[in-house]
Structure formats: structure tokens, C-alpha cells
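# Understanding the architecture of this molecule
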Amino acid sequence: MAQHDAVIVGAGFGGMGAAIQLKRLGYDDFVILEREDDLGGTWHVNRYPGLAVDIASVTYSYSFEPNPSWTHWFARGPELKEYAAHVADTYDLRRHMRFGISVDGARWDPDEQHWVVSSSDGRSVTATYLFTATGFLSQPKLPEIEGVTDFRGRVLHTAKWDDSVDLDGKRVAVIGTGATAVQLIPELARRAKALTVFQRTAIWVTPKADFAIPRPVRRVFARLPVTQRLARAANSAWLEAMMVSAVLHYKQAKVLNRGAAVLGRAHLRRQVRDPELRRQLTPDYSFGCKRPTFSNDYFPTFTREHVSLETTPIQRITSNSIMTSAGETKVDVLVLATGFSLWETNFPAIEVVGREGRNLGKWWRDTRFQAYEGVTVPSFPNFITLASPYSYSGLSYFTTIEAQMRHIERLFGEMHRRGATTFEVRDPANAEFLGRMTEKLEDSVFTLGSCATSRSYYFNQHGEAVILRPTSTRNAHREAQRFPVDDYAYG
Ligand code: NAP
């Protein structure tokens with residue numbers, strides 16, 4: 001007999017969404033295991049200066065738990081952390097959470113018909129159902145640069161920010177120009193004496209229509225929730241056109257992709273006069289090959305006297321400098337905005353062993369990365385994996401979570417209706433889904449665009465861009481509500 005009905009690994013927005021769904025289904029005996037010391041996932045871990053969401057908050061939130069009090073159209077990091085706490089309290093999730101527990105593996109016990117979930121402190125817990133909500137960007141990556149461990153000044157990875165490090169009047173270097181660096185660099189420039197940004201690959205940046213939401217508008221959102229729902233619908237539709245269709249339906253919507261690229265170039269032209277600097281900041285790959293971002297103060301930062309952009313490749317890092325063939329840059333504080341390790345360590349983030357000893361990570365690597373509707377995997381009974389291949393739908397993570405919640409609702413509803421306690425997706429259903437997604441990817445910018453120089457983390461070691469579900473978000477939600485229940489075996 002299992003100790004719990006369910007174990008959820010991860011107390012971020014994904015894990016909390018799964019927990020809310022479990023409660024709606026009538027479960028109360030479940031635990032949420034979290035390696036950090038508090039809830040919030042990304043929004044607890046990331047604390048770097050300038051942290052904000054780059055999807056408007058009306059969209060970047062649960063549709064069933066709107067927050068009329070957002071102070072900005074794009075909420076700042078601490079506000080998202082507060083929102084996460086609010087959700088945990090509203091849905092009574094805290095009492096299920098266990099912090100400081102680093103889960104390192106889970107194994108299906110076929111005799112007991114339950115999961116044995118083990119943590120790095122040597123303890124284990126058993127549960128009938130296992131949910132992994134470990135996020136996509138949860139394993140910080142150090143750059144593979146010679147000498148990176150030799151540096152004797154302060155080193156800060158953006159996902160392990162230390163506020164006590166003094167940046168004022170210092171010579172600061174940043175390695176990386178992804179979405180994180182785009183937010184951080186303008187803030188660092190305000191404090192550093194000299195700031196050098198080492199860019200390997202330029203990023204597409206479009207304007208950010210950010211503003212403080214006036215109090216009267218917030219009051220209207222609170223009193224007339226339909227107004228916030230309309231704002232959400234309008235913003236989500238815009239994102240779907242510019243950021244989803246333009247990328248995933250590239251073949252049919254090339255004009256949108258070109259439009260987004262024109263917007264990015266015009267934004268750069270308006271903000272940077274120096275043609276050489278503009279050339280360096282212009283991506284040489286199609287819009288959407290890697291995740292684009294939004295900012296109004298990133299490009300102008302490079303026009304400031306004490307900020308320089310270095311595009312010559314780094315040769316090595318010494319105890320107090322960064323060396324390129326163009327010269328040496330002396331550095332007091334080294335900031336690694338080098339992102340996260342996805343394909344090496346995050347798919348899956350823990351070792352998961354299913355029926356007949358099938359090891360999920362090994363199986364994905366030996367065959368192809370795959371998950372039926374981005375949620376379940378054959379030979380892994382009673383297992384829901386939220387950070388899966390083809391699971392990410394739309395640009396806001398909440399569209400993904402809510403589609404997955406719907407899938408869980410339908411699946412568990414059917415299981416209960418049949419009086420069953422186990423489920424497992426059937427091989428043919430999984431193969432059909434994988435085949436269909438593979439075919440749809442043929443229409444995307446990843447296949448038809450020019451992505452060779454993008455170094456995008458969307459692509460895995462097999463050269464496949466399988467994080468994003470290559471369909472509209474509407475299709476993802478429709479299938480979550482209507483998938484054939486016989487795609488699963490129940491027992
Ligand atoms: P990232 O997009 O993976 O960017 C990492 C950066 O580090 C890239 O510019 C990369 O260059 C560079 N880099 C890595 N290793 C390097 C090396 N050895 N030498 C030189 N440069 C190196 O990571 P991120 O900026 O942390 O963003 C990750 C994701 O987080 C984003 O794509 C986005 O999904 C999410 N995010 C979201 C928000 C939001 O508001 N919603 C904000 C921030 C981040 P290459 O491109 O050449 O590899």
C-alpha cells in the first residue's frame with residue numbers, strides 16, 4: 001500500500017497547477033517535494049536585478065486565478081513570487097509542500113503498483129501517482145570556457161544571484177546575451193564602472209509595451225473581471241500571431257515571421273545609430289529559431305560610454321580577466337548569464353525507471369524524445385511528466401500548464417469512471433502523436449528557416465526542436481479535453 005496517493009516533484013507553477021487539479025479530482029493525500037527552501041520555482045530561484053516576466057501578466061497567470069493587482073503590464077520578479085504564494089494559500093497547497101528535499105530518482109514497483117521516489121538524503125516515499133514538475137530551465141549551466149574555474153574575483157550565475165556582491169564602481173563582465181542577460185545588462189550598466197558584454201550569438205529583441213497599470217484600471221479589473229479576461233484574450237491572440245504562428249506555422253505564416261524580424265530590426269535602428277554596433281547586435285538567423293525577447297533599454301545600453309560589446313570569441317578566463325584574440329579585459333565581477341542545461345541533464349531532471357526497467361532518459365536518448373500529448377509515456381504507468389517533449393504550448397507557460405491540467409482531469413476522470421487505479425498510454429497512440437508532431441514540425445521555422453547559426457536550446461542532441469508543441473494553443477487545449485480515452489490502458 002502506497003504511503004500517498006501522489007507525489008509531485010517541484011513547487012513551481014507547474015507543480016501547483018497539478019496539485020490544484022488533484023484537489024479538484026478529490027485527492028488530498030499528496031506531497032509536493034521541492035529542493036529549494038520555498039515555493040515559486042523559477043520565480044523563487046531567480047533574483048537577478050531587472051528580473052521581470054516578458055509575457056504580459058494578464059496572460060502569464062492562471063486563467064482561473066486572475067490577479068487584478070498587477071502593478072505593471074509585465075510584472076516584476078518579486079510580484080510573481082507573491083502571486084505564487086497567493087495561489088498556494090488560496091488553494092491550500094502549503095501543507096502539502098516539503099522543502100529542501102532534492103528528489104533524485106523514482107522507480108515503478110510492479111508488484112506494489114506504486115512509485116518509489118527517493119531523495120538525495122537517502123530517504124524514500126511511495127505513491128500511487130507520480131507527477132514531475134521540474135521545469136525546463138532549472139539546471140544552471142556553466143560555460144565550457146577554459147579557465148572559468150580559475151577566476152579569483154566574484155562569479156555570479158544569474159540563477160544563483162547573490163545580492164550581497166558589490167557591483168558599484170566595479171569592472172563587470174557578462175557572458176551571454178539570452179533573455180536573462182537582456183533584462184540584467186541595463187541594470188548592471190547603472191552600477192558598474194565598466195561593463196563588457198561577451199556575445200556569442202545575437203538575440204532578436206522587439207519593443208516591450210510595458211507600463212504601470214493605473215490604480216483605476218486595477219479597480220476595474222477587480223470589480224469587472226470580464227475586463228481583465230478581455231485584456232488577456234487580446235494579448236494572448238497577439239502573442240499567438242507574432243510568437244507562435246510566426247515560428248511554428250512558418251510555412252503558412254511567413255509574412256508574420258518576416259514582420260516580426262522587420263519589427264526587431266526597426267527597433268534596433270531606432271535605438272542604435274552606429275552601423276557597426278547595429279551589425280553586431282543583428283541576429284544572423286531566422287526570427288524564432290531561439291526564443292526572442294522584448295526590451296526597450298537593452299540596445300541603448302550599448303551606446304553608453306562605459307559599456308562595450310565584445311563579439312570576438314573568448315579564448316580563456318584567467319584569475320582576473322577574460323582573454324580574446326582582440327585583447328584582455330580586466331574584470332572584478334564575472335556574471336554568467338549562460339542559461340541552463342536542458343538536454344544533458346533536464347530531460348528528465350531525475351532518473352525515472354518505469355515498467356520492465358525502462359529508464360526514461362536512456363530511452364529518450366536511444367530512440368527519440370517523445371511524450372503523448374506532452375504528458376505521458378508508454379511503459380511508465382501512473383506517471384505524468386510536465387516538462388516533456390512537445391509539451392510547451394504557446395509562449396506563456398500558463399497555457400501549457402492549463403492544457404496539462406485539462407488532460408489530467410479527463411484522464412483521471414475516465415480512470416475513476418472505470419473503477420481503475422492505473423493508467424498507461426498505449427504505444428500506438430504515442431506513436432501516432434509523435435508522427436503527427438514530427439510532420440507538423442516540417443512547417444516550422446526550425447525546419448524551413450535558417451537556424452544553423454542560432455545555437456538554440458530548442459534543439460536537442462538529435463537536432464530536433466521538440467520542446468514546443470508545433471500546433472496552435474487552441475489545438476493543444478482542444479486535444480487535452482477531447483483525446484480518445486482509449487489511447488490509455490486502465491487497470
Ligand atoms: P539562454 O537563452 O540559454 O542564453 C544563454 C546565453 O549564454 C546565450 O547568449 C549563449 O550564447 C551564452 N553562452 C552559453 N555558453 C556560452 C559560452 N561557452 N561562451 C559564450 N557564450 C555562452 O539563457 P537565458 O538568457 O538564461 O534564458 C533562458 C530562457 O529563460 C529564455 O529563453 C526564456 O525562455 C527564459 N527567460 C524568460 C524570461 C521571462 O521574462 N519570461 C526572462 C529571462 C529568461 P549562444 O546563444 O551562442 O549559445
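The residue numbering used here restarts from 1 in each chain and proceeds along that chain's sequence as written. At least 70 in pLDDT is required for a residue's local features to be given in this predicted model, at least 80 for side-chain atom pairs to be given and counted, and no such filter applies to totals for whole chains, interfaces and linings, which use all residues. As a rule here, side-chain values cover all heavy atoms of the structure and leave hydrogens and water aside.

Glancing now at the overall build of the chain. Helix and strand definitions here come from DSSP, where helices need a minimum of 4 consecutive H or I residues and strands a minimum of 2 consecutive E residues; each element is numbered from the N-terminal end. Of the regular secondary structure elements, the chain holds 14 helices and 20 strands. By the compact-globule yardstick of 23 Å for 491 residues, the chain fits well, its C-alpha radius of gyration being 23 Å. In the chain, which comprises 491 residues, the proportion classed as buried is 57%. Should any heavy atoms of two residues lie within 4.5 Å, those residues are counted as being in contact. Once local pairs closer than 6 in sequence are excluded, the contacts in the chain between residues at least 24 apart make up 73%. Of the accessible surface of the chain, which amounts to about 20,600 Å², a share of 49% is contributed by carbon and sulfur atoms. Charge centroids of the chain, computed over 59 positive and 54 negative side chains, lie 7 Å from each other. Only C-alpha atoms enter the radius of gyration; for comparison, a globular chain is expected to reach 2.2 Å times N to the power 0.38, where N is the number of residues. Burial status follows relative accessibility: with a 1.4 Å probe on protein chains alone, a residue under 20% of its type maximum counts as buried, one over 50% as exposed, and anything between as partly exposed. A 1.4 Å probe and the Shrake-Rupley method give the accessible areas. Residues count as covered only by the protein chains that appear here. In this charge count, Lys and Arg are treated as positive and Asp and Glu as negative; neither His nor the chain ends contribute. Charge placement uses NZ in Lys and CZ in Arg. For Asp and Glu, CG and CD serve respectively.

Grouping into patches uses exposed residues only, defined as over 30% relative accessible area, and leaves out salt-bridged ones; the cut-off is 9 Å for like charges and 5 Å for nonpolar side chains (Val, Leu, Ile, Met, Phe, Trp, Tyr). Salt bridges, as used here, are contacts in which a Lys or Arg side-chain nitrogen is within 4 Å of a carboxyl oxygen on Asp or Glu. Nonpolar side chains collect at one region of the surface, where Val220, Leu224, Val226 and Leu230 lie side by side and expose about 340 Å² of accessible area between them. Looking at the secondary structure, you find Leu230 in helix 6 (residues 225-248).

Quick look at the site of the ligand now. Put simply, a residue is near a molecule or strand once any heavy atom of it comes within 4 Å of that molecule or strand. Around the ligand there are 25 residues in total, and Asp54, Thr180, Thr201, Lys290 and Tyr457 lie nearest to it. Polar contact criterion, stated in full: a pair of N or O atoms within 3.5 Å, where within protein one must be able to donate a hydrogen and the other to accept it, and residues adjacent in sequence count only if both atoms are side-chain atoms. Note that an oxygen atom of the ligand is positioned 2.8 Å from one of the backbone N or O atoms of Ala52. At 2.7 Å from an oxygen atom of the ligand is found a main-chain nitrogen or oxygen belonging to Asp54. In terms of residue count, helix 4 (residues 179-191) provides more of the shell around the ligand than any other element does, three residues in total. Each residue receives one of three labels: charged for Asp, Glu, Lys and Arg, nonpolar for Ala, Val, Leu, Ile, Met, Phe, Trp, Tyr, Cys and Pro, and polar for the others, Gly being one of them. Here the shell around the ligand is composed, by residue class, of 11 nonpolar, eight polar and six charged.

A word on the sheet that holds strand 7 (residues 154-157). One open sheet holds the five strands; their spatial order is 7-16-8-9-12, and the pairing between them is parallel. Every interior strand has two partners, whereas the edge strands, strand 7 and strand 12 (307-310), have only one. Taken over all neighbouring pairs, the strand axes of this sheet differ in orientation by 20° on average, direction set aside. Two strands pair under a simple rule: DSSP has to find at least two bridges between them. Of the strand pairs in this sheet, strand 9 (residues 194-198) and strand 12 are connected by four bridges, and their pairing is parallel. Directly across from Leu195, in strand 12, lies its bridge partner Val307. With respect to the sheet, helix 4 is in contact with strand 8 (171-175), strand 9, strand 12 and strand 16 (333-336), its orientation differing from that of strand 9 by roughly 160°. Fitted lines through C-alpha atoms give the axes, limited to the stretch in contact for helices. The angle between two N-to-C directions lies from 0 to 180 degrees.

This brings us to the nonpolar core. Residues belong to a common nonpolar core when they are buried Ala, Val, Leu, Ile, Met, Phe, Trp, Tyr or Cys residues joined through side-chain atoms within 4.5 Å. Counting 149 residues, the largest nonpolar core has Phe131, Leu195, Phe412 and Phe446 as its most contacted members. Tallying contributions element by element places helix 11 (residues 397-417) first for this core, with eight residues. For Phe446, the residues in contact, after removing those within four places along its chain, are Val247, Leu248, Gly288, Cys289, Leu441, Cys451, Tyr458, Phe459, Ala465 and Leu468. Ranked by size, the runner-up nonpolar core spans 11 residues in total, among them Ile175, Ile322, Leu334 and Leu336.

Below, the discussion takes up the packing of helix 11 against helix 14 (residues 473-482). At a minimum axis separation of 7 Å, helix 11 and helix 14 run at an interaxial angle of 15°. As the angle between them shows, helix 11 and helix 14 are arranged roughly parallel. Crossing angle aside, the handedness with which helix 11 passes helix 14 is left-handed. Where helix 11 abuts helix 14, its residues Thr399, Glu402, Ala403, Arg406, His407 and Arg410 lie against Thr473, Ala476, His477, Ala480, Gln481 and Arg482. A class-by-class count of the residues in the contact of helix 11 with helix 14 yields three nonpolar, five polar and four charged. Roughly parallel means an angle under 35 degrees; roughly antiparallel means over 145; roughly perpendicular covers 65 to 115; every other angle is labelled oblique. Two helices that cross are described as forming a left-handed crossing if the nearer one is turned anticlockwise from the farther one by less than a right angle, and a right-handed crossing if clockwise.

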